[in-house]
Amino acid sequence: MNSELLKGLNEHLKLEFRAAHEYLAMSVWLSVNDLPGFSTWMKQQSAGELTHAQRIMDHLVDRDEQPVLPAIPAPPKTWKSLEALCQHVLKNEREVTASINELCAAADKTKDRAAAVMLQWFVTEQIEEEAAARAVLGRIRLAGSTGVGVLMVDQELASGSVPGAPAEPPAGGSA
Ligand code: FEO
């Protein structure tokens, strides 16, 4: 594998592990703030991010390359609001999408068809990831600061009725 593409794939791992770590911390904060639907959703998102990192590591091992696990900074313990938390999720997802797009360009440039095919899964996945994050953020903005509105969104997430927010982790770790 081209050395720059290998470097880029290893660097991308940090974004997936960082998201997994932050989403798990969000799940804890949401749980202690009595929002079990939100908490479950973020826990599922965290688990999904680990499967994304694993997918890349498996590809590298299959290609006889060495995955290098990154150091992950400690995530925040609190968020100033539910809207701020949701905005952070969307920001994370946009960063992941940008990184995937750069990796696709690198795979194309080096004519690495195997990497391009592997990355295509992420291109599709990121459409869902961003759509779900935008949908939940939109719901929270509609709910405003009323407790009743937030509880309704929490119940929606608990039942899996928000687009891209399944009640059960899907097979294969789409999150
Ligand atoms: Fe693996 Fe949510 O990006």
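Residues numbered from 1 in each chain as written. Predicted model: local features only at pLDDT ≥ 70, side-chain atom pairs only at ≥ 80, totals over all residues. Heavy atoms only, no water.

Asker: Is there a simple way to think about the environment of A98 in this case?
Answerer: Note on placement: A98 falls in helix α3 (residues 82-109). Spatially, the C-alpha atoms of A98 and H52 are 15 Å apart, while their sequence positions differ by 46 residues. (Helix = DSSP H or I, 4+ residues; strand = E, 2+ residues; numbered from the N terminus.)

Asker: Would you mind showing me how to read the nonpolar core here?
Answerer: Within soluble globular proteins, side chains that are nonpolar generally end up buried alongside one another. In this structure, L30, F38 and L85 are the most contacted members of the largest nonpolar core, which totals 25 residues. Those residues in contact with L30, other than ones at most four positions away along the chain, are L35, F38, S39, M42, L82 and L85. Counting 20 residues, the second largest nonpolar core, distinct from the first, contains L13, V96, C104 and A116. (Core = buried A, V, L, I, M, F, W, Y, C linked by side-chain atoms within 4.5 Å. Buried < 20%, exposed > 50% of the residue type's maximum accessible area, 1.4 Å probe, protein only. Contact = heavy atoms within 4.5 Å.)

Asker: Would you mind showing me how to read the packing of helix α4 (residues 113-143) against helix α5 (residues 147-159) here?
Answerer: The relative placement of two packed helices is expressed as an angle between their axes plus a distance between the axes. Here α4 crosses α5 at 155°, and the two axes come no closer than 8 Å. Considered as vectors, α4 and α5 are oriented roughly antiparallel to each other. Pair α4 / α5 crosses with right-handed handedness. On α5, the residues touching V136, R139, I140 and A143 of α4 are G149, V150, V153, E156 and L157. Looking at the contact of α4 with α5, its residues break down into six nonpolar, one polar and two charged. (Axes fitted to C-alpha atoms, helices over the stretch in contact; angles between N-to-C directions. Parallel < 35°, antiparallel > 145°, perpendicular 65-115°, else oblique. Left-handed = near helix turned anticlockwise from the far one by under 90°. Nonpolar A, V, L, I, M, F, W, Y, C, P; charged D, E, K, R; others polar.)

Asker: Explain the pattern of salt bridges here, please?
Answerer: Applying the stated criterion across every chain, the model contains eight salt bridges. The partner of E95 in a salt bridge is K91, and the shortest N-O contact between them spans 3.2 Å. Taken together, the positions of E95 and K91, both in helix α3 and four residues apart, correspond to about one turn of that helix. Of the charged contacts in the structure, one is a salt bridge between E130 and R134, with a shortest N-O distance of 3.6 Å. With a gap of four residues between them, E130 and R134 both fall in helix α4, about one helical turn apart. Owing to a relative accessible area of 15%, E130 belongs among the buried residues under this scheme. By relative accessible area, R134 is classed as partly exposed at 42%. Where salt bridges share partners, they join R18, K91 and E95 into one cluster. (Salt bridge = Lys/Arg side-chain N within 4 Å of Asp/Glu carboxyl O.)

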